[in-house]
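# Coordinate analysis (summary)
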Amino acid sequence: MTSLLQLFIVIPLAGFIVSLLIPGKLETLMSRVAFSTVGLHLLSFLVFAVYWFIDDMPSYDLKDIVLFKTTGYEFFIDFYFDRVTATYLFVGSFLTFLVTIYSRYYLHRETGYKRFFNTILFFYFGYNLTIFSGNLETLFVGWEILGISSFLLIAFYRDRYLPVKNAVKVFSIYRIGDVGLILAMWLMHHLWHENVTFARLSNFELVHEHLQRHSWVGVLISLLILISAAAKSAQLPFSSWLPRAMEGPTPSSAIFYGSLAVHLGVFLLLRTFPFWEHQLSVRILIGLLGFVTSVITTGIARVQSSVKSQIAYASIAQIGLIFIEIAAGFSGLALFHFAGNAFLRTYQLLVSPSVVTYLIREQFYNFTPHAPSIEDSFPKKMQYTLYILCLKEWNLDSFMYRYLWNPLKWAGRGLDFLTVGRVILFFVPAYLIGVASLYGEEVIPPAIHQALPIFFSLLALIAVLKSFTERKNVEMSWILVIVNHFWIALAISFNEHFKYDQTLLYLSGILVSGLLGYFCLRWLKSLEENIDLDQFHGHSYKHPKLAFVFLLSCLGVSGFPITPTFIGEDLIFTHIHEDQFLLAFFVSLSFIIDGLSIIRIYARVFLGPHVRSVYEMGYRSS
């Protein structure tokens, strides 16, 4: 039975690969491949579930593929199946099957018909990889796939301004969750001195033994997991991204943000529950976060003028209650609540266009006065205050901009003096000196040697900050992202002695993808002349193949699991000691901004309304 777990990963992957080979004009074949893939997956699970029930519902753990192994470190793919996986698998396969059938007709003759089904199958592959993951590394592979498929679905109407802008906004929140997970993996490696599986985390004596000696590390890991879960499930202060994610087609909103992807933060908490269940402070914090989120988003949902926004905030409120249930130890109730909320929100979103049409017509004939509510018992001043706060969504967007993105932009704009010439004049000689010093590091005084990793990681952060805020030269922005990775590699090389093949593993994907992306930008510039970053250019309209190749380059440079760099990023963190928080902070912040800068370059150059008004384009507000 354990060996059959691979089947649930292979089926969606095979369906996705087949869908890529189908010509865009063959709508019927494309849709049949999609719902046949998901239908076969659902049928396979139902047969598997019968045998699993007969076998008294045991947990299965399968160590599948060892991707990289060195002294003290092993990166392997592990699959795990238990009641949590079974619930998520049933809900996911059933709802995706319904949505693929619905989308066959809903998106008929839509320009991006093939692209939509490609992305849905890619998402479904990532979803299954996540829920079957047996360790954090495998979960992170699926987590990354969900992030990029989310961006592509939100920006599905890529010739419009708002969908593209909101896709970048949502991706930026996802990136915070990604780095929270990376840091949790980093501390897990130092706590266990191995790649620990979720099956081992279920061993209370083993977990208790490790946490007894490193209680503060355990709390920090739990907090990082909570940050990742909150970002993925749109809990405070990240709640504002979910309504913005509704810019995509209604079917993708239903399956992605109404039912499945938005509940993966819940999945992360359920999967890691044995690790933090005896940390009372963490459980109280999770419960409080869920309670505050539920109260605030319930009020916001009640004053929204858009039906999709109402459903989004109502879903966030229910997920907040699920957080409370998990914190209280009611995992069975949380799973039941997840299934109910997923089915309800999918139904609501799929019928929302019809409901809006019906209500627009009915409001002229059957006016219903405002029904009494609990707020009517409040003093008028409090009523008005709460109403305005909820109408403004408690300024959650402004909060994120003021305390997170604006400080980064302010710091980056302080580097406007860096031109292409100055970047080459400073960074190239400085890096060569750093590499030369690496070979003669025994003559460097210990105090200076200890500070060099911090200094080099700070230079990496400066490079990527400049890339993130660059408004003109797209080539310089791209080069600075690559320079950022080289500085990180040098910083870690000074921090700990290890074989150079690990550095090459990390930089190999960066170098190949970076050169490919640079040549794409040069070629596009020769065709279109101006591709500055001060506006959206929409060049995917005329150059779709070039846009696809550049997207692959972006994924490779950002550490997506298509190049060895993905393993290299995890490997880099194993060489940062558990007491080097400043170094870990600089490296993780570089990774956050690196992903944002790359996706911003792609969006500005290839997405949005076309820069030339001779082409058809949507209004800025559409």
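The model shown is predicted, which means the values in this text are computed figures rather than measured ones. (Residues numbered from 1 in each chain as written. Predicted model: local features only at pLDDT ≥ 70, side-chain atom pairs only at ≥ 80, totals over all residues. Heavy atoms only, no water.)

Moving on, we come to the layout of surface pockets. As a volume, the second largest pocket reaches approximately 780 Å³. Along the walls of the second largest pocket sit 29 residues, with Lys-165, Val-168, Lys-409, Phe-536 and Arg-604 positioned nearest its centre. Here the residues of the lining of the second largest pocket sort into 15 nonpolar, 5 polar and 9 charged. (1 Å grid on protein atoms, 1.4 Å probe; cavity = no way out; pocket = protein on both sides within 12 Å on 5 of 7 lines; lining within 4 Å. Points joined across faces, edges and corners; volume = space filled by probe spheres on them. Nonpolar A, V, L, I, M, F, W, Y, C, P; charged D, E, K, R; others polar.)

Its place among the elements puts Ser-252 in helix H11 (residues 250-260). Polar contacts involving the side chain of Ser-252 include one to the main-chain carbonyl oxygen of Pro-249, which spans 2.8 Å. When sequence neighbours within four positions are dropped, the list of residues in contact with Ser-252 reads Phe-116, Leu-153 and Tyr-257. (Helix = DSSP H or I, 4+ residues; strand = E, 2+ residues; numbered from the N terminus. Polar contact = N/O pair within 3.5 Å; in protein donor to acceptor, adjacent residues only side chain to side chain. Contact = heavy atoms within 4.5 Å.)

A few words now on the confidence of the model for the protein chain. Averaged over all residues, the pLDDT of the protein chain is 86; the fraction at 70 or higher stands at 96%. For the protein chain, per-element mean pLDDT is lowest for helix H8 (residues 204-213), which scores 74, and highest for helix H12 (residues 264-271), which scores 94. (pLDDT = per-residue confidence, 0-100.)

The tally for this structure, following the rule as stated, stands at 41 aromatic pairs. Consider the rings of Phe-151 and Phe-171, whose centres lie 6.0 Å apart with planes at 70°: the pair is edge-to-face. Separated by 20 residues along the polypeptide, Phe-151 in helix H5 (residues 136-154) and Phe-171 in helix H6 (residues 161-192) bring together distant segments of the chain. A single burial state applies to Phe-151 and to Phe-171, both of which are buried. Through pairs of rings, three or more aromatic residues link up here, namely Phe-8, Phe-48, Trp-52, Phe-53, Tyr-60, Phe-81 and Phe-132. Positioned above the aromatic ring of Tyr-174, the side-chain terminus of Lys-232 is 4.0 Å from the ring centre. We note Arg-604 situated over the ring of Phe-536; from NZ or CZ to the ring centre the distance is 4.9 Å. (Phe/Tyr/Trp six-rings, centres within 6.5 Å; stacked < 30°, edge-to-face > 60°. Buried < 20%, exposed > 50% of the residue type's maximum accessible area, 1.4 Å probe, protein only. Lys NZ or Arg CZ within 6 Å of the ring centre and 35° of its normal.)

If a probe the size of a water molecule is rolled over the atoms, the empty space left behind becomes visible. If you walk through the whole model with that rule in mind, you get 4 cavities of 30 Å³ or more. As a volume, the largest cavity reaches approximately 110 Å³. Surrounding the largest cavity, 14 residues form its lining, Ile-148, Phe-171, Arg-175, Leu-555 and Ser-558 being those nearest its centre. Residue assignment for the lining of the largest cavity shows that the elements contributing at least two residues are H5, H6, helix H23 (544-557) and helix H25 (581-606).

In this section: the packing of helix H4 (residues 113-131) against H12. Interhelical geometry of H4 versus H12 gives an angle of 20° and a closest axis separation of 11 Å. In this view, H4 runs roughly parallel relative to H12, as classed from their interaxial angle. Of the two elements, H4 crosses H12, and the hand of that crossing is left-handed. Every residue of H12 that contacts H4 at Tyr-127, Thr-130 and Ile-131 is listed here: Leu-264, Phe-267 and Arg-271. Classifying every residue of the contact of H4 with H12 by side-chain character gives 4 nonpolar, 1 polar and 1 charged. (Axes fitted to C-alpha atoms, helices over the stretch in contact; angles between N-to-C directions. Parallel < 35°, antiparallel > 145°, perpendicular 65-115°, else oblique. Left-handed = near helix turned anticlockwise from the far one by under 90°.)

Right, let's talk about helix H9 (residues 215-232) for a bit. In this model H9 runs 26 Å from its N-terminal to its C-terminal C-alpha over 18 residues, within 8% of the 26 Å that 1.5 Å per residue would give. Looking one or two residues past H9, Ala-234 carries a phi angle of roughly 60°, positive in sign. (Expected span 1.5 Å × (residues − 1).)

With that settled, the discussion passes to the nonpolar core. General note: in soluble globular proteins, nonpolar side chains tend to be found buried as a group. Core analysis: the largest hydrophobic core is formed by 212 residues, its most contacted members being Phe-81, Tyr-88, Tyr-127, Trp-241, Phe-275 and Trp-487. Among the elements that take part in this core, H6 stands out by supplying 19 residues, more than any other. With residues up to four places along the chain from it excluded, the contact list for Trp-241 reads Val-170, Ile-173, Tyr-174, Ala-231, Lys-232, Ala-234 and Tyr-257. (Core = buried A, V, L, I, M, F, W, Y, C linked by side-chain atoms within 4.5 Å.)

A few words now on the environment of Val-481. The residue Val-481 is located in helix H21 (residues 474-495) in this model. On the basis of relative accessible area, Val-481 is assigned to the buried category, the value being 0%. C-alpha of Val-481 to C-alpha of Phe-468: the two residues are 13 residues apart in sequence and 8.7 Å apart in space. Non-local contacts of Val-481, meaning those with residues more than four positions away in its chain, are made with Ser-467, Val-557, Asp-594, Ser-597 and Ile-598.

Here the focus is the state of the cysteines. Here the structure, examined in full by the defined rule, presents 0 disulfides. Unpaired in terms of disulfides, Cys-520 finds its nearest cysteine sulfur in Cys-554, a separation of 8.8 Å. With relative accessibility at 6%, the residue Cys-520 sits in the buried group. (Disulfide = S-S within 2.5 Å.)

For strand E2 (residues 73-81), a buried count of 9 out of 9 residues is recorded, marking the element as mostly surrounded by other parts of the structure. Both faces of E2 are covered, namely the face carrying Tyr-73, Phe-75, Ile-77, Phe-79 and Phe-81 and the face carrying Glu-74, Phe-76, Asp-78 and Tyr-80. Across 9 bridges, the pairing between strand E1 (residues 60-70) and E2 is antiparallel. Looking at the pairing, Tyr-60 lines up with Phe-81 of E2. Between E1 and E2, which pair antiparallel and follow one another directly, the connecting turn spans 2 residues, one of which, Gly-72, has a positive phi of 80°. (Pairing = 2+ DSSP bridges.)

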